[in-house]
Structures are given as structure tokens and as C-alpha cells.
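A closer look at the structure
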Amino acid sequence: MISAFSLNTPPHIIFGPGKLTELEHIIGRFGSHPLLVLGSHSFLQTEHYQLVQRIFSKLGCKNETVHIGSEPSPAMIDAIVAKLTGRGIDLVIAIGGGSTLDSGKAISAMLVEKKEVVRFLEGVGDRTPSGRKIPFIAIPTTSGTGSEATSNAVLSSVGREGFKCSLRHDNYIPNLALVDPRLTLSCPPKLTVACSMDCFTQLVEGYLSTNSSSLSEALALEGIRAVRRSLRVVCSDGTDLPARTDLSYGALLSGIVLSNSGLGTVHGFASVIGGFFAIPHGIICGTLMAPANALTLKNLQMKSADHPALAKYANLGRIFSDQPRKTDAWYQDHFIYELQSLAIELNMPNLSEFGVTTGDIEKIVAKTGNKYNPAQLSKVELTDILLSRISTHCPDNK
Ligand SMILES: [Fe+2]
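For clarity, every value in this text was computed on a predicted model and none was experimentally measured. (Residues numbered from 1 in each chain as written. Predicted model: local features only at pLDDT ≥ 70, side-chain atom pairs only at ≥ 80, totals over all residues.)

Along the backbone of the protein chain there are 13 helices and eight strands. Against the compact-globule benchmark of 21 Å for 398 residues, the protein chain has a radius of gyration of 21 Å, which places it among compact chains. Each of the three principal axes of the protein chain carries a C-alpha extent, and together these read 65 × 45 × 45 Å. Excluding contacts between residues fewer than 6 apart, the proportion of contacts in the protein chain whose partners are at least 24 apart in sequence is 79%. (Helix = DSSP H or I, 4+ residues; strand = E, 2+ residues; numbered from the N terminus. Rg over C-alpha atoms; globule rule 2.2 N^0.38 Å. Contact = placed C-beta atoms within 7 Å.)

Quick look at the structure:
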């Protein structure tokens with residue numbers, strides 16, 4: 001029997017190569033004075049930016065623009081909101097990677113809340129967001145975070161007392177997710193690898209989540225099949241539009257899945273490590289994916305032989321295998337082998353390369369939660385996962 005579920009998704013999704021042109025028919029539904037939130041200034045040189053400007057001038061839209069150059073911090077959002085308050089902005093359109101979309105999402109909310117954003121962040125704030133916001137359109141130029149379909153914006157303050165926390169409310173799901181895979185064609189190779197591994201991790205963790213539903217699992221599997229077809233292709237040839245389209249599809253699905261099912265231990269690590277160290281989120285996911293899943297699988301096999309996640313691990317192995325008629329255990333092991341192979345093929349750096357040492361393990365593990373991971377890993381297991389991705393030969397590790 002299908003268990004009860006609910007699914008929160010963007011009310012409108014437009015997907016497909018060339019679909020950026022649809023913006024012309026959409027903007028008028030929301031407003032006439034948009035704020036354009038962009039990533040790097042290089043986007044200004046693209047045909048996509050020219051198209052957006054042509055649409056604005058055709059519609060007679062007066063627009064403002066801000067650029068987001070890094071992962072957003074609460075201070076960045078507060079400064080932008082302070083500058084724009086009272087300017088009559090009635091629509092926020094973010095075009096960029098996950099950081100840009102998250103920034104647009106946070107700005108659209110804070111232009112209404114009119115208080116410091118840190119006060120609304122999960123885990124560090126003292127207020128619950130009302131959910132009121134200015135309409136928000138998300139247009140991704142990478143295939144990673146799935147922010148175009150999520151109800152949260154991740155903000156970080158990196159440092160000794162650093163944090164990486166979410167501004168979250170069901171209403172923060174974008175009013176429109178406009179996904180045009182052509183916008184991802186120019187995504188640089190390293191960023192493509194990191195984003196692809198974030199997307200893949202989100203799909204796998206959402207699928208395995210103890211909070212998943214039949215529908216979210218179906219969406220996750222659909223995304224995982226797209227990733228299986230095309231992850232290696234986009235990482236070696238970023239100009240392959242069908243492969244880019246698969247990854248854009250996978251990322252969109254990963255956003256829907258994570259918003260509704262939650263995530264697992266890898267993302268538990270990522271939010272903590274990302275607060276202490278300036279490491280790209282997708283790299284943390286990509287480097288921890290294989291050891292975290294290997295230990296989760298081992299834990300389930302030893303402690304809960306009838307756990308439903310074991311059948312899911314076998315399904316994942318089947319997706320990544322051309323071998324028919326093997327046992328569930330064979331497919332489970334095959335999936336872990338696939339993750340390990342992928343990490344090697346994609347040159348996933350270990351954490352030492354970003355300055356993480358064995359001396360940091362205790363503070364990372366102390367703050368890491370397993371979220372909806374099918375196995376609640378112990379501190380010893382979490383330590384083992386980190387140790388496998390920190391070089392003990394590094395001179396810093398005394
Ligand atoms: Fe992620």
C-alpha cells in the first residue's frame with residue numbers, strides 16, 4: 001500500500017533548451033520592476049544576458065542588478081536588502097549557480113521581513129520566518145544544488161565559529177523554476193564536477209532517506225538514472241547539450257527530493273565542514289559520498305538485515321550495473337564500488353587539500369548530524385569517514 005505523503009514543488013516549472021525566451025511571457029504575471037540577481041560579471045557578456053535585457057526593454061521593465069561573487073553570508077544579504085529597500089522592487093529574478101539562487105531567495109524574503117536575516121536562520125536565529133516574500137523566479141546556470149526547487153536558502157559565515165545554516169519556509173520555493181540547460185553549457189569543468197556530485201549526492205541521500213515517500217523515491221530514481229547516463233559525459237565534455245540536459249533534469253529533481261525527503265550524513269558533514277572551511281559544497285559531498293555510503297551500508301548489513309534501505313542500495317547498484325540476475329548483496333557492493341570509482345575518475349580531492357587536518361575531526365564530528373540517513377552512524381564511524389579523506393601524511397597533521 002502507498003503510504004500517505006505530501007509533496008511541495010514549485011507551482012510552475014519550465015524546462016528545456018532554449019526556454020529562457022519564455023521569460024517574456026511570464027514576468028508580467030508577477031511585476032514590472034524586477035531585481036536581477038546575477039553571479040559573476042562574466043554573465044553580462046553572454047547571449048543569455050542580452051536576451052534578458054531585450055525582454056526587459058520590450059516589456060518596459062525598469063530593473064536593478066546585484067552580483068553575488070561567493071557563497072552568500074548573512075552580512076551580504078543584509079547589505080543588499082538595505083540598499084534596495086524602498087526602491088519599489090516587485091519581483092526578484094536570480095540567474096546563476098546555487099549561491100546566486102539562494103541569495104535571490106533570501107533577498108526576496110528579507111525585502112519583506114525587513115530584519116537581519118541571521119535572526120531567521122535555522123539553528124542560530126531567534127525568529128521563525130513568516131513566509132512572506134516578493135515573487136521569486138529561479139533560473140539556474142549550473143546543475144547542482146537544485147535551489148530552483150527548494151524551500152531553503154543556505155547562508156554561511158566561514159571561520160572558527162563559522163556556520164552554514166538555512167533560511168527556510170515552504171513559501172520560499174520559487175514561484176517559477178525556469179530551467180534552460182543551454183545556460184549550463186559554459187559552466188567550467190571543475191565547477192561542473194562539484195555541482196554534479198552535489199546533485200548526485202542529494203538524489204541518493206533523498207532516495208535513501210528515512211523520510212522519503214513513494215513519490216519522492218520515484219523522482220529520485222528518475223534523477224539518478226539521468227545522472228548515470230550523463231554525469232561522466234558532462235564532466236569530460238561540457239558542450240554536450242543532451243548530457244547537460246540530463247544533469248539539469250537531475251538537479252531540478254534533486255531539489256524537489258531534498259525539500260520533501262531531507263538528506264543524510266554526507267550533507268550533515270557538509271553543513272559543518274562548510275562553516276569551518278571555505279571548501280566548495282559539491283566537493284565535500286563528492287569526496288565523502290563513497291566512504292559515508294560504504295559505512296552506512298556496512299552498518300545496516302550488520303545491525304538491521306531487514307532495513308528497507310538495503311533493498312534501495314540494491315536498486316542503486318542495479319541502475320549502475322549492466323549485469324543481470326545478481327544477488328541484492330552483489331548490487332549493494334557494486335554501488336559502493338561505483339562511488340569509489342567515480343571519486344577516483346573525477347579526481348575528488350581529499351579534505352587535507354583544503355587545510356582540514358586530523359586535529360579538526362573532533363570538532364567536526366561533534367556538530368555533525370546524521371539527518372535522515374538510514375543508519376545513525378556513531379561518532380567513531382563519523383570519525384572513520386573523515387579519516388579516510390584526510391591525509392595522515394600531511395605536514396600539518398602532527
Ligand atoms: Fe547539497
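Here the focus is the domain arrangement of the protein chain. Domain annotation of the protein chain identifies domain 1 (13–184) and domain 2 (189–387). Placing the centre of domain 1 and that of domain 2 at their C-alpha centroids yields a distance of 26 Å. Contacts between the two partners involve 24 residues from domain 1 and, on the opposite side, 25 residues from domain 2. Secondary-structure elements contributing two or more residues to the side of domain 1 that touches domain 2 are strand E7 (163–168) and strand E8 (176–179). (Domains from an automatic or database assignment.)

Before going further, it helps to spend a moment on the sheet that holds strand E4 (residues 91–96). Strand order in the open sheet made by the six strands is E1-E8-E5-E4-E2-E3, with parallel pairing throughout. The open sheet is flanked by strand E1 (13–15) and strand E3 (64–67), the only strands paired with a single partner. Ignoring which end each strand starts from, the neighbouring axes of this sheet average 15° apart. Sheet topology places strand E2 (residues 34–38) next to E3; four bridges connect them, and they run parallel. Considered in E3, the bridge of Val37 is made with Val66. (Pairing = 2+ DSSP bridges. Axes fitted to C-alpha atoms, helices over the stretch in contact; angles between N-to-C directions.)

Turning our attention to the environment of Leu203. Within the secondary structure, Leu203 is located in helix H5 (residues 189–208). With 28 C-beta atoms counted inside 10 Å, the residue Leu203 sits in the buried group. Sequence-wise, Leu203 and Glu222 are 19 residues apart; in three dimensions their C-alpha atoms are separated by 9.2 Å. Excluding residues within four positions of it along the chain, Leu203 makes contact with Ala220, Gly223, Ile224, Val227, Gly250, Leu253, Ser254 and Val257. (Buried ≥ 20, exposed ≤ 12 C-beta atoms within 10 Å, placed from the backbone.)

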